[in-house]
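A structural walkthrough
Each chain, letter by letter, is given below.
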Amino acid sequence: MAQSLEQALADFSPGLPFAVAFSGGADSTALLLACARRWPGQVRAVHIHHGLQNAADDFEAHCRALCLQLGVPLAVRRVQAHHAPGQSPEDAARKARYLALAEAVRTEWPEVQDVALAQHADDQIETLLIALSRGSGLPGLASMPAHWQRLGLHWHRPWLAVPGAALRDDLQSRGQSWVEDPSNIDEKFTRNRIRARVLPALADALPAFRDTFARSAAHAAQAQEVLNEVAAQDLLLIGVPPRIEALQSLSRARQALVLRHWLRLHHASTPSTAQLHELLDQVAACTTRGHRLHLKVGQGFVQREGACLSYTT
C-alpha cells in the first residue's frame, strides 16, 4: 500500500548516526529534511558530483548551502564513470556512485553503518517496467529492495512506498526549494519516457497500479529469495569451482540457476541469456575428457579445467 511521508518515516529505523545520499533534487531533499527533523544531530549527507553536465557545480553549491542551514555535515565526492564495452552508461554511473558513497562514509564517519537513499514508489514502478521491457527474470522483476547490505554498509530506501508527488507536495508546503536535473526531462532516456508518457496513462487506466505493481515486485523478490536458497544448496553439491559431472546431474533449469549464483557470488559477473544458454549447451556436451570449453560470459570467460569449470577475466 502507498504510504504517507509520516508512515514511511515511522517505519524507518536506521542505526544512528546515519548518512543520506543527497543529490539536491526533490526526493533526496525531502529525505534529508525529514531525517534531520526526526534525528537532529544524527544525520550526515554525501553529495556525488558526476561532472556530467554544466549544472553539476550548481547542484553542489545548493547542497552545501542547505546542509549549512540545517547543520548537517556534508561530504562531496566527484566521480567520472566510464562504462566498459557491453556495459550501459547508467550501470557504470550507478556502480561508481555506490562506491563513492561507501568510500565517503567510511572515510569521513567510520561510525556510520547505515545509508538512506531517496528512491520512491514511482522510481520502483519505472524500474519494474524497464525490467519487463528487457525480458528480465525474477531478479529484475523484484526491482529495488527496501533494505540490503553492500560494501560493508546497510542501505535503506525509506520512500519506496511513497509516491513521488507526495514528496514534492511536502516540500512546496514548507516553501523549500530543490534543484531540477535538466536530464530528467530528456525523453531519449527510457526511464524519462516512462515517467512522462506511461505513468500518467497507467494512473488513468489503473488507479491502483502503484500498489498492485509493487505487490507483484514483492512476490518476485520472495520467489527469488527461495531460488537463491536452492542455488546455494546446489552450489554446495557441485562445489567451487563447479564439477562438471555433478552439474550435469541437475536439471537444465537448476544448472542455469546455480551457474548464475556461482558467477555472481564468486566472480561478480552476470551472464546474458544467450551466454547462459550457450554455456548450458557446452556443459551438456562435456562427455569426454578432450572436450574443450571456452566461452565469453559477462566481462570474462568460462572455461574447462579438467573436471571443473573456471572463470577468468
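Residues numbered from 1 in each chain as written. Predicted model: local features only at pLDDT ≥ 70, side-chain atom pairs only at ≥ 80, totals over all residues. Heavy atoms only, no water.

1. Notes on the environment of Val-76
Applied cut-off: Secondary structure is summarised from DSSP: a helix means a run of H or I of at least four residues, a strand means a run of E of at least two, and numbering begins at the N terminus for each.
Position of Val-76 relative to the elements: it lies in strand β3 (residues 74-78). Taking the C-alpha atoms as reference points, Val-76 and Cys-63, separated by 13 residues in sequence, lie 9.3 Å from one another.

2. Here we look at the pattern of salt bridges
Stated precisely, the cut-off is as follows: By convention in these notes, a salt bridge is any Lys or Arg side-chain nitrogen within 4 Å of a carboxyl oxygen on Asp or Glu. Any residue under 20% of the maximum accessible area for its type is buried, any over 50% is exposed, and the rest in between are partly exposed; the area is computed with a 1.4 Å probe on protein chains only.
Following the criterion strictly, the structure yields 14 salt bridges and no others. Notably, a salt bridge pairs Glu-60 with Arg-64, separated by 3.0 Å at the nearest N-O pair. Here Glu-60 and its partner Arg-64 are both found in helix α3 (residues 56-70), four residues apart, which amounts to about one turn of the helix. Take Glu-60: its relative accessible area is 11%, and that puts it in the buried class. Measuring nitrogen to oxygen at the nearest pair gives 2.6 Å for the salt bridge that ties Glu-103 to Arg-77. With a gap of 26 residues between them, Glu-103 in helix α4 (residues 89-108) and Arg-77 in strand β3 connect regions that are remote in the sequence.

3. Digging into the nonpolar core
It is characteristic of soluble globular proteins that their nonpolar side chains tend to be buried jointly. Basically, it comes down to this: Put simply, buried Ala, Val, Leu, Ile, Met, Phe, Trp, Tyr and Cys residues joined by side-chain atoms within 4.5 Å make one nonpolar core. Any two residues whose heavy atoms approach within 4.5 Å at even a single point are treated as in contact.
Grouped together as the largest cluster of nonpolar side chains are 29 residues, with contacts concentrated most on Phe-18, Val-20, Leu-32, Cys-35, Val-43 and Trp-159. Elements that contribute at least two residues to this core include exactly α1 (5-11), β1 (18-21), α2 (26-38), β2 (43-49), α3 and α7 (164-173). The greatest single-element share of this core, amounting to eight residues, is contributed by α2. Not counting residues up to four positions away in its chain, the partners in contact with Val-43 are Phe-18, Val-20, Leu-32, Cys-35, Ala-36, Val-72 and Pro-73. Of all hydrophobic cores here, the second largest spans 22 residues; its members include Ala-246, Leu-295, Val-302 and Tyr-311.

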